[in-house]
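A closer look at the structure
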Amino acid sequence: NAGVTQTPKFRVLKTGQSMTLLCAQDMNHEYMYWYRQDPGMGLRLIHYSVGEGTTAKGEVPDGYNVSRLKKQNFLLGLESAAPSQTSVYFCASTRQPDIYGYTFGSGTRLTVV
Amino acid sequence: AQKITQTQPGMFVQEKEAVTLDCTYDTSDPSYGLFWYKQPSSGEMIFLIYQGSYDQQNATEGRYSLNFQKARKSANLVISASQLGDSAMYFCAMDTGGGNKLTFGTGTQLKVEL
């Protein structure tokens, strides 16, 4: 039972480079989310999806794009990385939050230099 | 807009003592859920406890209980009989969209001492 898997776990990018973070869940969850965690700021929602083929903006969407082509996968893209995007990125998913809560991946630590 | 406030950046507690981590929230939505998550130094987010806005009784899960005071808009986490393994960052969070999104507080760093 893998739960939510994020790849990669660590990455260093140069300013202006692009990359895609992959989130995969094997629990048949409808809802998926991307958060970023910065010191002293808790977790902030970047984008989320309420089902296959749907995406929506969260609190801090600028500089990121997402896609949910398959129910089990939620991709987060950075088209032109900036140092301000240095952060720890968490993916989460849920089927029924009031019973199961949200299941989080282990995080991706991204550094943009 | 939804907001979660955790006013204790850091807390210390002695082993075997109880500790209360504060959380206040703000929302105009009558239906919402309140969550507590634990983040140890290894970084993963661990779901601890949930309280629904319409739940009459305070939620409990083992050594964790949620002191829900709706009129005061507070949802404090109580950890009984603290253990060294409880040392971690604790986040309070709120969901007002039935799964549409989860809003987090800034967290409280708990340190359990011998």
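Everything in this summary refers to the structure shown in the same document. Counting restarts for each chain, with residues numbered from 1 along the sequence as it is written. Just so you know, chain letters begin at A and ligand numbers begin at 1, following the order they were written in. It should be noted that, the model being predicted, local features are given only for residues of pLDDT at least 70 and side-chain atom pairs only at 80 or more, the latter also being counted only at that level, while totals for whole chains, interfaces and linings use all residues. Side-chain metrics in this entry use all non-hydrogen atoms of the structure; hydrogen atoms and water are not considered.

**With respect to the overall build of chain A**
We count a stretch as a helix when DSSP gives it H or I for four or more residues in a row; a strand needs E for two or more, and each element gets its number in order from the N terminus. From N to C terminus, chain A includes one helix and 11 strands. For this measure, only C-alpha atoms enter the radius of gyration; the expected value for a globule follows 2.2 Å times N^0.38, where N is the number of residues. In terms of C-alpha radius of gyration, chain A reaches 13 Å, essentially the compact-globule figure of 13 Å for 113 residues. With the C-alpha coordinates of chain A rotated into their principal frame, the extents come out at 40 × 30 × 25 Å. Only protein chains enter the accessibility calculation, which uses a 1.4 Å probe; a residue whose area is less than 20% of its type maximum is buried, one above 50% is exposed, and one in between is partly exposed. By residue count, 49% of the 113 residues in chain A fall in the buried class. Element-wise, carbon and sulfur atoms account for 52% of the exposed surface of chain A, whose accessible area totals about 5,400 Å². Computed over 11 positive and 8 negative side-chain charges, the separation of the two mean positions in chain A equals 8 Å. Residue-level accessible areas treat just the shown protein chains as cover; the underlying method is Shrake-Rupley with a 1.4 Å probe. Within this scheme the basic residues Lys and Arg register as positive and the acidic residues Asp and Glu register as negative, but His and the chain ends are omitted. To locate a charge, take atom NZ for lysine, CZ for arginine, CG for aspartate or CD for glutamate.

**Considering the pairing of strand β5 (residues 33-39) of chain B**
All names here are of chain B. Of all seven residues that make up β5, seven are buried, and the element is covered over most of its length. Residues Gly33, Phe35, Tyr37 and Gln39 line one face of β5 and the alternating positions Leu34, Trp36 and Lys38 line the opposite face, and both faces are buried. Note that β5 and strand β6 (residues 46-52) share six bridges and pair antiparallel. Within β6, the residue paired with lysine 38 across the bridge is isoleucine 46. In short, DSSP must find at least two bridges between two strands for them to pair.

**Focus on the environment of proline 9 of chain B**
All names here are of chain B. Among the structural elements, proline 9 can be located in the loop between β1 (3-5) and β2 (10-14). A C-alpha to C-alpha distance of 17 Å links proline 9 and glutamate 113, two positions 104 residues apart in sequence. The criterion used for residue contact is that any of the two residues' heavy atoms lie within 4.5 Å. Once you skip the residues sitting within four places of it in the chain, proline 9 turns out to touch Gly107, Thr108 and Gln109.

**Details of the packing of aromatic side chains**
Residue and element names in this part refer to chain B. Two aromatic rings from Phe, Tyr or Trp, using only the six-membered ring of Trp, form a pair when their centres are within 6.5 Å; if the ring planes differ by under 30 degrees the pair is stacked, by over 60 it is edge-to-face, and anything between is tilted. If you walk through the whole model with that rule in mind, you get 18 aromatic pairs over all chains. For the pair phenylalanine 91 and phenylalanine 104, a centre-to-centre distance of 6.2 Å together with 85 degrees between the ring planes defines the contact as edge-to-face. Highlighted residues: phenylalanine 91 in strand β10 (residues 88-95) and phenylalanine 104 in strand β11 (residues 103-104), separated in sequence by 13 residues. With respect to class, phenylalanine 91 is no different from phenylalanine 104; both count as buried.

**Thoughts on the interface of chain A and chain B**
Taken together, the contacts link 19 residues of chain A with 17 residues of chain B. Between chain A and chain B lies a buried interface of about 1,500 Å² when both sides are counted; carbon and sulfur atoms form 60% of it. What counts as a salt bridge is simple: a side-chain nitrogen of Lys or Arg found within 4 Å of a carboxyl oxygen of Asp or Glu. Counting every contact that joins chain A to chain B gives zero salt bridges. Contacts described as polar in this section are N or O atom pairs within 3.5 Å, which, within protein, must combine one atom able to donate a hydrogen with one able to accept it, while residues neighboring in sequence count only if both atoms come from side chains. At the junction of chain A and chain B, the tally comes to four residue pairs in polar contact (both at pLDDT 80 or more). Secondary-structure elements contributing two or more residues to the side of chain A that touches chain B are β4 (31-37), β5 (43-49) and α1 (97-100) of chain A. Under the scheme applied here, ten amino acids are nonpolar (Ala, Val, Leu, Ile, Met, Phe, Trp, Tyr, Cys and Pro), four are charged (Asp, Glu, Lys and Arg), and all others, including Gly, are polar. For the side of chain A that touches chain B, a count of residues per class yields 14 nonpolar, four polar and one charged. As a working definition, buried area equals the accessible area (1.4 Å probe) given up by two parts on being put together, with both sides summed.

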